[in-house]
Amino acid sequence: MNVLEWPSQSPDLNPIENLWKDLKTAVHKRSPSNLTELELFCKEEWAKMSVSRCANLVESYPKRFAAVIAAKGGSTKYYFMLYEYLCTLDFSVFYFLKIMIIRVMYHFAFTSQLSVTSFPTVFSSSKVKHELVANYSHLFWVQGSRPELQPYMLLAHTDVVPASEDDAWEVPPFSGDEKDGFIYGRGTMDDKGSVMGILAALEYILMKGYTPQRGFYIGLGHDEEVHGLNGAVNIVRLLKERGVKLLFVLDEGSAILDGILKGLDGPAALIATSEKGATVLKLSVSMPPSHASMPPRETTIGILAAAVKRLEENPMKRLFGLGPEGGMFEHLAHKFRFPLNFVMSNLWLFAPLIARIMERNETTNAFVRTTTAVTMFNAGVKENVIASYAEAFVNMRIHSAQTLKEVHSVQRWSTVGDPRVKIEVVYGFDPLPISPYDETSFGFQIIKKTVLDMFPSMIVAPGMCIANTDSRHFKDLSSSIYRFTPAIYKPGDAQRFHGINERTSRENYEGMVQFFFRLFQNCDIKKLPDVSLDHN
Ligand SMILES: CCCCCCCC/C=C\CCCCCCCC(=O)N[C@@H](CC(N)=O)C(=O)O
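Residues numbered from 1 in each chain as written. Predicted model: local features only at pLDDT ≥ 70, side-chain atom pairs only at ≥ 80, totals over all residues. Heavy atoms only, no water.

A.B. asks: Please clarify how the overall build of the protein should be interpreted in this entry.
C.D. replies: Scanning the protein for helices and strands turns up 17 helices and 19 strands. Within the protein, buried positions represent 53% of all 536 residues. Sequence separation of 24 or more characterises 80% of the internal contacts of the protein that already satisfy a separation of 6 or more. Approximately 24900 Å² of the protein is accessible, and the part contributed by carbon and sulfur atoms is 57%. (Helix = DSSP H or I, 4+ residues; strand = E, 2+ residues; numbered from the N terminus. Buried < 20%, exposed > 50% of the residue type's maximum accessible area, 1.4 Å probe, protein only. Contact = heavy atoms within 4.5 Å. Areas by Shrake-Rupley, 256 points an atom, 1.4 Å probe, with all protein chains shown as cover.)

Shown next as structure tokens:
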């Protein structure tokens, strides 16, 4: 049998695309006015699909093959007929967003690649240039009508950390299933939700015929979870070679927190102006192997375990208030309940007290200090052999008021404190510079305006990213780097990052699309909005 190599998502050859079209037409005719109706009409119309229609689509396969071969692998009339038809529909924002949600679920369930089919306008518009970087990362350039305006850049990433079905997920982690209004799946929060939100918004704005004045880049990395050394780093290299300087960069890394900061009345949108530094240390102990029946007084495992325990029992010093988190809490102070409002307004006096309260919770502790997490421990090859080698990896996130050098020296000399434990630096970098957030800072104010356009009574404040993002590689291209995703997170959500039951609500996903759709337009405004950080 001859096997034809053809991308599984090829729209010309995939009969499901025609069925999607039929479904959309049928549902559109019935004008669903709410989510329940949309779901009902989708199910009803899907059930009505006739067997003969499916048979016809299968029978027309040879014709499609012939057309694709004639087009030398390019798009054929079958694809464009479908796409043109979609463009003639009078989409309401509401209806469009629902379709986008169906697409995002489809994407999670069936494909690990960005699909041309899902964003036909993005991939066919003459205003958009798309290129692959380092084979798997995506760089889009959306041309503006006014080339004299400095471009900005949006970042997100398509890779995810592993997820195991054995870890008690409520739904399989790569199913993209929807349950009780949430789309579940590895990457929904970190960071495929942003990928889909940005592209969906771009698709929509292009379909509407909007031509941005200010050009912008979209960078979608493929290896952020392993430091972006191929994806983001090569995107930066390319942009540098092309002489690009960016007005601002917006990446993941902070969000709208609702109920996560105890004592704060209502949700707060925290636009992170910096992110922590990081280092990974490898601790190891070696000794000759021996028989388990004659154990030495101390084993490699015992020595290393003791060192690891010392690290856990001696957290790095409290630095709360000395980095950008100080500004964040001062901006939020008036929204805290009494007496926290008074305490937060006087950090010069109360910072040590607040630090002791915040360190009790693992999420808020991350704002207080350089954190220490022992993430891997390997030793031993056989249950009756004394292990000749034991190693542990320690992942540290460095508070802005500390340096990489300082962290290394504290760990080496005071905490591990045992010369038999070898310490190697796997990698490390200092905390990132603090981006401006005053009233003249275009990027910060435009992100803030976009949040307020969507949520007029939202508190917006500069924040701090306690993890790391691809944006850190962009510091030579812009001094204005912000980390913010317009998703609302509630207590318990922080644990879903890299944990189980990662999910995004329909509202968060819709909000994401709306946010970027508005941001594209807000970046074209001539004068910054007259807003002050203290007005809300
Ligand atoms: C890490 C989760 C913290 C949750 C904090 C509470 C809520 C804060 C709001 C939301 C945004 C959290 C965004 C986190 C982005 C995480 C990106 C990431 O995982 N990056 C990797 C990259 C790397 N390997 O360096 C990381 O390990 O930091």
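There's more to say after this.
A.B. asks: Honestly, the site of the ligand in this entry has me stumped. Any pointers?
C.D. replies: Around the ligand lies a shell of 18 residues, among which E224, E225, R397, N468 and H498 are the nearest. N468 places a polar main-chain atom, nitrogen or oxygen, 2.7 Å from a nitrogen atom of the ligand. The protein chains hide 87% of the 650 Å² of surface that the ligand would expose on its own. Each residue belonging to the shell around the ligand can be placed in one class, and the counts come to seven nonpolar, six polar and five charged. (Near = heavy atom within 4 Å. Polar contact = N/O pair within 3.5 Å; in protein donor to acceptor, adjacent residues only side chain to side chain. Nonpolar A, V, L, I, M, F, W, Y, C, P; charged D, E, K, R; others polar.)

A.B. asks: Can you help me understand the sheet that holds strand β10 (residues 277-286) in this one?
C.D. replies: Picture the strands of a sheet paired through backbone hydrogen bonds; they go either parallel or antiparallel. Pairing is antiparallel in the open sheet, where four strands are placed in the order β12-β14-β10-β15. Edge positions in the open sheet fall to β12 (371-379) and β15 (422-429), since each of these has one partner strand only. The average angle at which neighbouring strand axes cross in this sheet is 15°, direction not considered. The pairing of β12 with strand β14 (residues 389-398) spans eight bridges and is antiparallel. Each residue of the ladder has a partner; that of V374, found in β14, is V394. (Pairing = 2+ DSSP bridges. Axes fitted to C-alpha atoms, helices over the stretch in contact; angles between N-to-C directions.)

A.B. asks: Whenever I open this one, the sheet that holds strand β5 (residues 182-184) confuses me. Can you help?
C.D. replies: Within the open sheet, the three strands sit side by side as β4-β5-β19. Their pairing is antiparallel. Two strands lie at the open edges of the sheet, namely β4 (178-179) and β19 (503-505), each paired on one side alone. Pairing of β5 with β19, which is carried by three bridges, proceeds in the antiparallel orientation. If you follow F182 over to β19, its bridge partner there is S505. The strands touched by helix α17 (residues 506-522) are β4 and β19; relative to β19, the strand with the most contacts, the crossing angle is about 75°.

A.B. asks: Would you explain the packing of helix α1 (residues 15-29) against helix α3 (residues 51-59) in this entry?
C.D. replies: Angle between the axes and distance between the axes: these two values describe a pair of packed helices. With their axes 9 Å apart at the nearest point, α1 and α3 run at an angle of 140° to one another. If you check the angle between α1 and α3, you find them oblique. Every pair of crossing elements has a handedness; the one defined by α1 and α3 is right-handed. Only R53, C54 and L57 of α3 make contact with α1, whose side of the interface consists of P15, N18, L19 and D22. (Parallel < 35°, antiparallel > 145°, perpendicular 65-115°, else oblique. Left-handed = near helix turned anticlockwise from the far one by under 90°.)

A.B. asks: What should I look at first to understand the environment of P433 in this one?
C.D. replies: Structurally, P433 is set in the loop between β15 and α16 (442-454). Sequence-wise, P433 and S479 are 46 residues apart; in three dimensions their C-alpha atoms are separated by 8.1 Å. The contacts of P433, once residues within four sequence positions are left out, are T273, S274 and K475.

A.B. asks: Looking at this structure, I do not really get the packing of aromatic side chains. What am I missing?
C.D. replies: Both the distance between ring centres and the angle between the ring planes are used here to describe each pair of aromatic rings. The tally for this structure, following the rule as stated, stands at 18 aromatic pairs. In this arrangement the basic side chain of R214 is found over the ring face of F442, its NZ or CZ atom lying 4.7 Å from the centre. Note that R503 overlies the ring of F182, its terminal NZ or CZ placed 3.6 Å from the centroid. (Phe/Tyr/Trp six-rings, centres within 6.5 Å; stacked < 30°, edge-to-face > 60°. Lys NZ or Arg CZ within 6 Å of the ring centre and 35° of its normal.)

A.B. asks: Before we go on, may I ask you to explain α17 in this structure?
C.D. replies: Every α-helix winds through 3.6 residues per turn, so residues three or four apart in the chain are directed the same way. The first and last C-alpha atoms of α17 sit 24 Å apart over 17 residues, in line with the 24 Å expected at 1.5 Å per residue. Among the 17 residues in α17, 13 count as buried, and that is most of the element. (Expected span 1.5 Å × (residues − 1).)

A.B. asks: Just to check I follow, could you spell out the UniProt feature "domain: Peptidase M20 dimerisation" (unreviewed entry) in the protein for this structure?
C.D. replies: UniProt records the feature "domain: Peptidase M20 dimerisation" (unreviewed entry) for residues 274-407 in the present numbering. Each end of residues 274-407 is marked by a C-alpha atom, and these two atoms are 19 Å apart; helix forms 39% of the span and strand 26%. (UniProt positions renumbered as here; feature names shortened; annotations may be inferred.)

A.B. asks: Can you walk me through the pairing of strand β1 (residues 128-133) in this structure?
C.D. replies: Here is the key point about a regular strand: its side chains alternate between the two faces of the sheet. Direction of pairing for β1 relative to strand β2 (residues 137-142): antiparallel, over a ladder of six bridges. When the bridges of β2 are listed, V128 appears paired with V142. Here β1 hands over to β2 after three residues, with A134 in that stretch at a positive phi of 50°.

A.B. asks: Even after reading the chapter, I still don't get unusual backbone geometry, so can you show me in this structure?
C.D. replies: Trans is the common state for peptide bonds, and a negative phi is the common state for residues other than glycine. Residue D191 is reached from D190 by a cis peptide bond, and omega for that bond is 10°. A cis amide bond links F338 to the next residue, P339, at an omega of 5°. Summarising the element assignment, P339 is placed in the loop between α11 (324-332) and α12 (340-345). Its identity as a non-glycine residue notwithstanding, A134 has a phi of 50°, on the positive side. Within the fold, A134 resides in the loop between β1 and β2. The partly exposed category is assigned to A134, whose relative accessible area is 30%. Even without glycine at this site, H227 takes up a positive phi of about 80°. Looking at the element boundaries, H227 is found in the loop between β6 (216-221) and α9 (231-241). Residue class for H227 comes out partly exposed when judged on its relative accessible area of 24%.

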